[in-house]
Each structure stands twice: as structure tokens, then as C-alpha cells.
Amino acid sequence: MPKAAAWDEAEAREIIRRHDGREGAMLPILHDLQAVFGCVPPAAVRLVADALNLTRAEVHGVVSFYHDFREQPAGRHVLKLCRAEACQSMDGERLAREVLDRLGLEWGDTTPDGRLTVEATYCLGLCACAPSAMLDGEPVARLTPASLQDIVRETGR
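Residues numbered from 1 in each chain as written. Predicted model: local features only at pLDDT ≥ 70, side-chain atom pairs only at ≥ 80, totals over all residues. Heavy atoms only, no water.

Caption draft 1: Region of interest: the sheet that holds strand S2 (residues 116-121). Spatial ordering of the open sheet is given by S2-S1-S3-S4, a layout of four strands whose pairing is mixed. Looking at the sheet topology across the chains shown, the edges are occupied by S2 and strand S4 (138-140). Across the sheet, the axes of successive neighbouring strands diverge by a mean angle of 25 degrees, strand direction being ignored. For strand S3 (residues 133-135) and S4, the ladder comprises three bridges, and the chain directions are antiparallel. Within S4, the residue paired with Ala133 across the bridge is Val140. Helix H7 (residues 145-155) contacts strand S1 (77-82), S2, S3 and S4 of the sheet and is inclined by roughly 165 degrees relative to S1. (Pairing = 2+ DSSP bridges. Helix = DSSP H or I, 4+ residues; strand = E, 2+ residues; numbered from the N terminus. Axes fitted to C-alpha atoms, helices over the stretch in contact; angles between N-to-C directions. Contact = heavy atoms within 4.5 Å.)

This is how it looks when you write it as C-alpha cells:
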């Protein structure tokens, strides 16, 4: 995963400016901010709200509603575990709970060393290969306790 840039208000303002006059600019702005800074921090929420003549609550509501936006940078690796029905039916919830408990995390948390963030996702389209996950944007199918343990071990390097 590429390293996120440190927060820079001038750079954030430039990102927002590039979308000036665009219809429905909020989501593209938020995606661009997160791509550069690794998250959409509260300072960015204020800037977006001011630029789009919205309340901070409206912008924060969008950031907190969509699972792909985060307020803090993710770890070096992001493991998204599917929680949709097909994966649930194939024991995905138990596997997810085991890995979260082993790491001492809850959904959306990052390990203290910053190496791994574990997030929930709701359908990767790999239902025939359930339970499934995505590690750093790459799909992983037919998870087992051993394969999930291997993933966690590999992200520690």
C-alpha cells in the first residue's frame, strides 16, 4: 500500500478546487482526499463543507456512512472480510471473529504496530467461493482458519 501524505491544508484546498463547479462534487472530492492523505480527517470535512456550502454534519454523514471512507489512516495492509449472507453461511462470521479476537481488534481497527487494518465489507461478488476477503485490493477466496492465519502472518513482514 502506498504511504499516505501528511495532512497539508493547502494541498487539500487544491484538491477541492479541482472539482470547482462539478455537479455532485462531494464524493469525488472525498475519494481524492483519501487517496492522497489516506483518510478524510476532520480538518478536511470542514474544508469540503465550506467549499460546497454544506454543513460539517452533512459531509461527516457521508464520510461515516460509506465504509470505504475513514477518518484515520489505515494500516500498511487492509484486510476486508466479507460479511454478506453467502460468506456468513460458510462460517465467515466465525472466522472473522477469530481473527479479530486473535489480533485484539474490532471492525475498522488497526493493529498497534500499524501493520494491518481489518474492515468489514458487504459482498465482494465471490459468493461461490465463500467465505471471501480482499487483502490490499486483491480478492482471496475460500478462506479457512489456516489461510486466514497465513494472511495475518504475511502482513506482519
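Next, the rest of the story.
Caption draft 2: Spatial organisation of the nonpolar core. With 19 residues, the main nonpolar core has Leu30, Leu33, Val40, Val48, Val59 and Val63 as its most contacted residues. Contributions of two or more residues to this core are made by helix H1 (9-17), helix H2 (26-37), helix H3 (42-52) and helix H4 (56-65). Not counting residues up to four positions away in its chain, the partners in contact with Val63 are Leu30, Val40, Val45, Phe69 and Glu71. Leu79, Leu81, Leu148 and Ile151 belong to the second largest nonpolar core, which has 16 residues in total. (Core = buried A, V, L, I, M, F, W, Y, C linked by side-chain atoms within 4.5 Å. Buried < 20%, exposed > 50% of the residue type's maximum accessible area, 1.4 Å probe, protein only.)

Caption draft 3: Local environment of the packing of H1 against H3. Put simply, H1 and H3 touch, their axes get as near as 10 Å, and they point 35 degrees apart. When the axes of H1 and H3 are compared, the crossing they make is right-handed. Facing H1, whose interface residues are Glu9, Ala12, Arg13 and Ile16, H3 presents Arg46, Leu47, Val48 and Ala51. Split into classes, the residues belonging to the contact of H1 with H3 amount to five nonpolar, no polar and three charged. (Left-handed = near helix turned anticlockwise from the far one by under 90°. Nonpolar A, V, L, I, M, F, W, Y, C, P; charged D, E, K, R; others polar.)

Caption draft 4: How the structure looks around the environment of Leu103. By secondary structure assignment, the location of Leu103 is in helix H6 (residues 92-103). It is 12 Å that separates the C-alpha atoms of Leu103 and Ile151, two residues lying 48 residues apart in sequence. In contact with Leu103, not counting residues within four places along its chain, are Thr111, Arg115, Leu116, Val118 and Val152.

Caption draft 5: H2, seen in detail. For H2, which comprises twelve residues, the first-to-last C-alpha distance of 16 Å matches the rise-based estimate of 16 Å (1.5 Å per residue) to within 8%. The set of residues buried in H2 consists of Met26, Pro28, Ile29, Leu30, Leu33, Gln34 and Phe37. Contacts from the buried residues of H2 go to H1, H3 and H4. Positive backbone phi, approximately 80 degrees, marks Gly38, located one or two places after H2. (Expected span 1.5 Å × (residues − 1).)

Caption draft 6: Spotlight on the pattern of salt bridges. Summed over all chains, the structure comprises 13 salt bridges. Arg70 is the partner of Glu119 in a salt bridge, and the nearest nitrogen-oxygen pair spans 2.6 Å. Taken together, the positions of Glu119 in strand S2 and Arg70 in the loop between H4 and S1 put the pair 49 residues apart, joining distant regions of the chain. The same class applies to Glu119 as to Arg70, namely buried. The salt bridge involving Arg153 is made with Asp150; its shortest N-O contact spans 2.2 Å. Taken as a pair, Arg153 and Asp150 lie in helix H7 at a separation of three residues, close to a single helical turn. Of the residues examined, Arg153 reaches a relative accessible area of 44% and is grouped as partly exposed. (Salt bridge = Lys/Arg side-chain N within 4 Å of Asp/Glu carboxyl O.)

Caption draft 7: Representation of the state of the cysteines. Summed over all chains, the structure comprises zero disulfides. Not part of a disulfide, Cys82 finds its nearest cysteine sulfur in Cys87, a span of 3.5 Å. Cys127 provides the cysteine sulfur closest to Cys123, a residue in no disulfide bond, and the two sulfurs are 3.9 Å apart. On the accessibility criterion, Cys123 (40% relative accessible area) is partly exposed. (Disulfide = S-S within 2.5 Å.)

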